[in-house]
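Okay, here's what each chain looks like letter by letter:
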Amino acid sequence: MSGFFFSPGSAMVPPVRTVIYPGSFDPLTNGHLDVIQRAARLFDSVIVAVARKGEKQALFGPAERKTMIEHSTANLSNVSVDIFEGLLVEYVEQQSAHAVIRGLRALSDFEYEFQMALMNRSLNDKVETLFMMPRASYSFLSSQLVKEIATLGGDVSAFVTPEVNEALAGKLGQAGAN
(Lines give C-alpha, C1' and ligand atoms only; values in the text may rest on other atoms or scores of the structure.)
Protein backbone atom coordinates (compact mmCIF):
# COMPACT_ATOMS: atom_id res chain seq x y z
CA MET A 1 0.00 0.00 0.00
CA SER A 2 2.93 2.34 0.55
CA GLY A 3 3.51 2.67 -3.19
CA PHE A 4 -0.04 3.98 -3.53
CA PHE A 5 0.79 7.13 -1.54
CA PHE A 6 4.44 7.70 -2.38
CA SER A 7 7.21 6.22 -4.44
CA PRO A 8 9.71 3.80 -2.87
CA GLY A 9 12.76 5.60 -1.53
CA SER A 10 10.83 8.83 -1.05
CA ALA A 11 11.19 10.58 2.31
CA MET A 12 7.64 11.88 2.00
CA VAL A 13 5.27 10.56 4.67
CA PRO A 14 1.90 9.43 3.33
CA PRO A 15 -1.10 11.42 4.52
CA VAL A 16 -3.45 9.91 7.07
CA ARG A 17 -6.82 9.51 5.39
CA THR A 18 -9.49 10.33 7.95
CA VAL A 19 -13.23 9.93 7.53
CA ILE A 20 -16.04 11.08 9.79
CA TYR A 21 -19.10 8.90 10.36
CA PRO A 22 -21.66 11.25 11.97
CA GLY A 23 -25.00 10.31 13.44
CA SER A 24 -27.16 10.19 16.51
CA PHE A 25 -26.48 6.45 17.10
CA ASP A 26 -29.38 6.31 19.58
CA PRO A 27 -28.59 3.47 19.93
CA LEU A 28 -25.79 2.01 17.81
CA THR A 29 -27.15 -0.84 15.67
CA ASN A 30 -25.38 -3.70 13.91
CA GLY A 31 -26.04 -1.80 10.67
CA HIS A 32 -24.03 1.16 12.00
CA LEU A 33 -21.33 -1.22 13.19
CA ASP A 34 -21.15 -2.85 9.76
CA VAL A 35 -20.53 0.54 8.14
CA ILE A 36 -17.90 1.41 10.79
CA GLN A 37 -16.05 -1.88 10.27
CA ARG A 38 -15.98 -1.48 6.49
CA ALA A 39 -14.90 2.17 6.73
CA ALA A 40 -12.10 1.09 9.08
CA ARG A 41 -10.77 -1.18 6.32
CA LEU A 42 -10.84 1.66 3.78
CA PHE A 43 -9.45 4.57 5.82
CA ASP A 44 -6.49 5.06 8.14
CA SER A 45 -8.67 6.75 10.74
CA VAL A 46 -12.42 6.67 11.33
CA ILE A 47 -14.02 9.13 13.73
CA VAL A 48 -17.52 8.16 14.77
CA ALA A 49 -19.06 11.54 15.58
CA VAL A 50 -22.03 11.39 17.94
CA ALA A 51 -24.32 14.34 17.27
CA ARG A 52 -25.33 16.26 20.37
CA LYS A 53 -28.46 17.71 18.70
CA GLY A 54 -31.87 16.28 19.47
CA GLU A 55 -31.00 15.22 23.02
CA LYS A 56 -34.55 15.83 24.24
CA GLN A 57 -35.90 12.98 22.11
CA ALA A 58 -32.88 10.73 22.65
CA LEU A 59 -33.11 7.63 24.82
CA PHE A 60 -29.40 7.85 25.62
CA GLY A 61 -27.37 10.99 26.27
CA PRO A 62 -24.35 11.76 24.08
CA ALA A 63 -21.86 10.44 26.65
CA GLU A 64 -23.80 7.17 26.98
CA ARG A 65 -23.90 6.75 23.19
CA LYS A 66 -20.18 7.51 22.96
CA THR A 67 -19.38 4.89 25.61
CA MET A 68 -21.53 2.23 23.90
CA ILE A 69 -19.80 2.87 20.57
CA GLU A 70 -16.35 2.80 22.19
CA HIS A 71 -17.10 -0.59 23.76
CA SER A 72 -18.57 -1.94 20.52
CA THR A 73 -15.56 -0.82 18.43
CA ALA A 74 -12.79 -1.56 20.94
CA ASN A 75 -11.30 -4.15 18.56
CA LEU A 76 -10.88 -1.54 15.80
CA SER A 77 -7.63 0.31 16.56
CA ASN A 78 -8.18 3.00 13.93
CA VAL A 79 -11.66 3.97 15.15
CA SER A 80 -12.24 6.74 17.68
CA VAL A 81 -15.47 8.22 18.99
CA ASP A 82 -16.22 11.86 19.66
CA ILE A 83 -19.22 14.06 20.44
CA PHE A 84 -19.86 17.06 18.23
CA GLU A 85 -22.35 19.84 17.76
CA GLY A 86 -22.68 22.49 15.14
CA LEU A 87 -22.10 22.27 11.41
CA LEU A 88 -20.72 18.95 10.23
CA VAL A 89 -18.49 20.58 7.60
CA GLU A 90 -16.83 22.68 10.31
CA TYR A 91 -16.27 19.61 12.46
CA VAL A 92 -14.78 17.74 9.49
CA GLU A 93 -12.34 20.60 8.93
CA GLN A 94 -11.45 20.79 12.66
CA GLN A 95 -10.60 17.08 12.58
CA SER A 96 -8.53 17.45 9.37
CA ALA A 97 -10.72 14.77 7.82
CA HIS A 98 -11.13 14.14 4.12
CA ALA A 99 -14.64 12.78 3.83
CA VAL A 100 -17.92 11.96 5.50
CA ILE A 101 -19.43 8.48 5.43
CA ARG A 102 -23.22 8.16 5.38
CA GLY A 103 -25.09 4.91 5.51
CA LEU A 104 -27.90 4.25 3.05
CA ARG A 105 -30.42 1.55 3.88
CA ALA A 106 -33.07 2.15 1.29
CA LEU A 107 -34.06 4.46 -1.52
CA SER A 108 -36.00 6.53 1.01
CA ASP A 109 -32.69 7.43 2.75
CA PHE A 110 -31.10 8.55 -0.50
CA GLU A 111 -33.15 11.69 -1.12
CA TYR A 112 -32.45 13.14 2.32
CA GLU A 113 -28.78 12.12 2.31
CA PHE A 114 -28.25 13.42 -1.22
CA GLN A 115 -29.74 16.79 -0.24
CA MET A 116 -27.53 16.96 2.86
CA ALA A 117 -24.42 16.03 0.85
CA LEU A 118 -25.12 18.77 -1.67
CA MET A 119 -25.72 21.32 1.09
CA ASN A 120 -22.49 20.30 2.82
CA ARG A 121 -20.64 20.63 -0.48
CA SER A 122 -22.09 24.11 -0.98
CA LEU A 123 -20.86 25.06 2.52
CA ASN A 124 -17.40 23.52 1.99
CA ASP A 125 -16.49 22.06 -1.39
CA LYS A 126 -13.44 20.28 0.09
CA VAL A 127 -15.63 17.90 2.08
CA GLU A 128 -16.65 14.80 0.15
CA THR A 129 -19.57 12.57 1.13
CA LEU A 130 -19.36 8.83 0.53
CA PHE A 131 -22.41 6.61 0.76
CA MET A 132 -22.11 3.07 2.07
CA MET A 133 -24.82 0.50 2.22
CA PRO A 134 -24.88 -1.94 5.12
CA ARG A 135 -25.20 -5.64 4.48
CA ALA A 136 -28.57 -6.58 3.05
CA SER A 137 -29.46 -8.27 6.34
CA TYR A 138 -29.31 -4.85 8.02
CA SER A 139 -31.01 -2.80 5.30
CA PHE A 140 -34.29 -2.59 7.24
CA LEU A 141 -32.65 -1.76 10.56
CA SER A 142 -32.89 1.64 12.26
CA SER A 143 -32.23 2.94 15.75
CA GLN A 144 -35.85 4.01 15.97
CA LEU A 145 -37.12 0.49 15.24
CA VAL A 146 -34.71 -1.00 17.77
CA LYS A 147 -35.95 1.44 20.44
CA GLU A 148 -39.60 0.68 19.64
CA ILE A 149 -39.10 -3.08 19.79
CA ALA A 150 -37.07 -2.87 23.02
CA THR A 151 -39.62 -0.51 24.62
CA LEU A 152 -42.35 -3.05 23.91
CA GLY A 153 -40.28 -5.84 25.46
CA GLY A 154 -39.16 -7.43 22.20
CA ASP A 155 -35.84 -9.16 21.63
CA VAL A 156 -33.36 -6.85 19.88
CA SER A 157 -30.24 -8.95 20.51
CA ALA A 158 -29.90 -9.80 16.80
CA PHE A 159 -29.82 -6.10 15.91
CA VAL A 160 -27.36 -4.63 18.43
CA THR A 161 -24.14 -5.57 20.20
CA PRO A 162 -24.33 -7.24 23.63
CA GLU A 163 -23.18 -3.94 25.23
CA VAL A 164 -26.00 -2.00 23.57
CA ASN A 165 -28.52 -4.73 24.40
CA GLU A 166 -27.51 -4.52 28.06
CA ALA A 167 -27.70 -0.71 28.03
CA LEU A 168 -31.18 -0.85 26.49
CA ALA A 169 -32.34 -3.32 29.15
CA GLY A 170 -30.93 -1.09 31.89
CA LYS A 171 -32.40 2.09 30.46
CA LEU A 172 -35.82 0.58 29.94
CA GLY A 173 -35.86 -1.06 33.38
CA GLN A 174 -36.14 -4.58 32.04
CA ALA A 175 -34.51 -7.60 33.61
CA GLY A 176 -32.99 -8.24 30.19
CA ALA A 177 -33.61 -7.20 26.64
CA ASN A 178 -34.40 -10.87 25.89
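Residues numbered from 1 in each chain as written. Predicted model: local features only at pLDDT ≥ 70, side-chain atom pairs only at ≥ 80, totals over all residues. Heavy atoms only, no water.

### Thoughts on helix H7 (residues 162-171)
Of all the residues in H7, the buried ones are Val164, Asn165, Leu168 and Ala169. In an axial view of H7, the angular spread of the buried residues amounts to 140°, which keeps them on one side of the axis. Every exposed residue of H7 that faces more than 90 degrees away from the buried side is listed here: Pro162, Glu166 and Gly170. Along its buried surface, H7 packs onto helix H3 (62-72) and helix H6 (143-151). (Buried < 20%, exposed > 50% of the residue type's maximum accessible area, 1.4 Å probe, protein only. Helix = DSSP H or I, 4+ residues; strand = E, 2+ residues; numbered from the N terminus. Arc of directions from axis to C-beta. Contact = heavy atoms within 4.5 Å.)

### Considering the confidence of the model for the chain
For the chain, per-residue confidence averages 88 on the pLDDT scale, and residues scoring 70 or more make up 87% of the total. The lowest-confidence element of the chain is helix H1 (residues 2-5), averaging 44 in pLDDT; the highest-confidence one is strand S3 (residues 79-84), averaging 98. Per-residue pLDDT stays below 50 along residues 1-7; that stretch engages in 7 contacts with residues further than four places along the chain or on separate chains. (pLDDT = per-residue confidence, 0-100.)

### Remarks on the pairing of strand S2 (residues 45-51)
Among the 7 residues that make up S2, 7 are buried, leaving the element largely enclosed by the rest of the structure. Residues of S2 alternate between two faces, with Ser45, Ile47, Ala49 and Ala51 on one and Val46, Val48 and Val50 on the opposite face, all of them buried. As defined by bridge partners, strand S1 (residues 18-23) adjoins S2 across 6 bridges and the pair is classed as parallel. Across the sheet, proline 22 pairs through a bridge with alanine 49, a residue of S2. In this sheet, S3 lies alongside S2 in parallel orientation, the contact comprising 6 bridges. (Pairing = 2+ DSSP bridges.)

### Notes on unusual backbone geometry
Most peptide bonds adopt trans geometry, and most residues besides glycine take a negative phi value. With an omega of 0°, the peptide bond running from aspartate 26 to proline 27 counts as cis. With respect to the element layout, proline 27 can be found in the loop between S1 and helix H2 (30-42). Its identity as a non-glycine residue notwithstanding, phenylalanine 25 has a phi of 50°, on the positive side. For phenylalanine 25, the position within the fold is in the loop between S1 and H2.

### What about the packing of aromatic side chains?
Summed over all chains, the structure comprises 5 aromatic pairs. Seen in terms of ring centroids, tyrosine 21 and phenylalanine 25 are 5.2 Å apart; in terms of plane orientation they differ by 75°. Their pairing is edge-to-face. We note that tyrosine 21, like phenylalanine 25, is buried. Between phenylalanine 140 and phenylalanine 159 the ring centres are 5.9 Å apart and the planes differ by 85°, which places this aromatic pair in the edge-to-face class. Within this pair, whereas phenylalanine 140 is found in the loop between strand S5 (128-132) and H6, its partner phenylalanine 159 is found in the loop between H6 and H7, the two being separated by 19 residues in sequence. For phenylalanine 140, a relative accessible area of 48% corresponds to the partly exposed category. Relative accessible area serves as the criterion here: at 21%, phenylalanine 159 is assigned to the partly exposed category. One aromatic cluster is present, formed by Phe110, Phe114 and Phe131 through successive ring pairs. (Phe/Tyr/Trp six-rings, centres within 6.5 Å; stacked < 30°, edge-to-face > 60°.)

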